Amino acid sequence: MLIQIDYQSDVPIYVQLTNQIIEGMASGELKPGEPLPSVRALAADLGINLHTVNKAYTHLKQEGFIQVHRQRGALVRPDPMPPADEAFRSRLESQMRPFVAEAVCRRMDETDFLDMCRRIFRHFKKEES
């Protein structure tokens, strides 16, 4: 999987890295149980601080996307993620609210907004099958 960091972005690098790994899992580019590069190797490959990679891996581990083993390193979670529960749905809704609010402020049509959401969702669902 190719990870691309936008050094000019306002999005912190560890967030970009976290998001791209999750997208890689959703698209099937990263398979369950697949090893991830070591913190040092990924930091060197991307030309970023190893603490930035460590922060991304720590977040991914806390959220259950990866497992970290002392001997085998970081691995994509080998079993499926648990289904969306009420806590996840609540967190998702709170994260979506600012995007929806900005779309409304910018007078984006509701149908266009929902079509965009469907297109993104189907992109990952299609990759899954």
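Data block above holds the structure.
Here's what I pulled together on the structure shown here. Note that the structure is a prediction, hence the values are computed from the model and not measured.

Quick word on the pairing of strand S1 (residues 66-69)
Now for step 1: Examined bridge by bridge, S1 and strand S2 (residues 73-76) share 4 bridges and lie antiparallel to one another. Paired with His69 across the bridge in S2 is Gly73.
Now for step 2: Taking the residues between adjacent antiparallel strands as the criterion, S1 and S2 are bridged by 3 residues.

Brief notes about the layout of surface pockets
Now for step 1: When its volume is computed, the largest pocket comes out at roughly 2200 Å³.
Now for step 2: Looking at the largest pocket, it is lined by 43 residues, and the ones nearest its centre are Ile22, Ala26, Phe65, Phe88 and Leu92.
Now for step 3: Every element with two or more residues in the lining of the largest pocket is listed here: helix H1 (13-27), helix H4 (86-105) and helix H5 (110-128).
Now for step 4: Per-class residue counts for the lining of the largest pocket are 26 nonpolar, 7 polar and 10 charged.
Now for step 5: Lining of the second largest pocket is provided by 14 residues; of these, Val39, Tyr57, Val68, Gly73 and Ala74 occupy positions nearest its centre.
Now for step 6: Elements represented by at least two residues in the lining of the second largest pocket include exactly helix H3 (50-62), S1 and S2.
Now for step 7: Looking at the lining of the second largest pocket, its residues break down into 6 nonpolar, 5 polar and 3 charged.

Structural notes on helix H2 (residues 39-46)
Now for step 1: Within H2, burial applies to Leu42, Ala43 and Leu46. Buried residues of H2 fall within an arc of 100 degrees about the axis and therefore sit on the same side. The exposed set on the far side of H2, more than 90 degrees from its buried face, consists of Arg40, Ala44 and Asp45.
Now for step 2: Here the buried face of H2 lies against H1 and H3.

What about the side chain of Arg77?
Now for step 1: Along the chain, the position of Arg77 falls in the loop between S2 and H4.
Now for step 2: The class of Arg77 is buried, set by a relative accessible area of 19%.
Now for step 3: Among the polar contacts made by the side chain of Arg77, one reaches the main-chain carbonyl oxygen of Pro80 at a distance of 3.3 Å.
Now for step 4: When neighbours within four sequence positions are excluded, Arg77 is seen to be in contact with Pro32, Gly33, Gly64, Phe65, Ile66 and Pro82.

About the cut-offs
Residues numbered from 1 in each chain as written. Predicted model: local features only at pLDDT ≥ 70, side-chain atom pairs only at ≥ 80, totals over all residues. Heavy atoms only, no water. Pairing = 2+ DSSP bridges. Helix = DSSP H or I, 4+ residues; strand = E, 2+ residues; numbered from the N terminus. 1 Å grid on protein atoms, 1.4 Å probe; cavity = no way out; pocket = protein on both sides within 12 Å on 5 of 7 lines; lining within 4 Å. Points joined across faces, edges and corners; volume = space filled by probe spheres on them. Nonpolar A, V, L, I, M, F, W, Y, C, P; charged D, E, K, R; others polar. Buried < 20%, exposed > 50% of the residue type's maximum accessible area, 1.4 Å probe, protein only. Arc of directions from axis to C-beta. Contact = heavy atoms within 4.5 Å. Polar contact = N/O pair within 3.5 Å; in protein donor to acceptor, adjacent residues only side chain to side chain.

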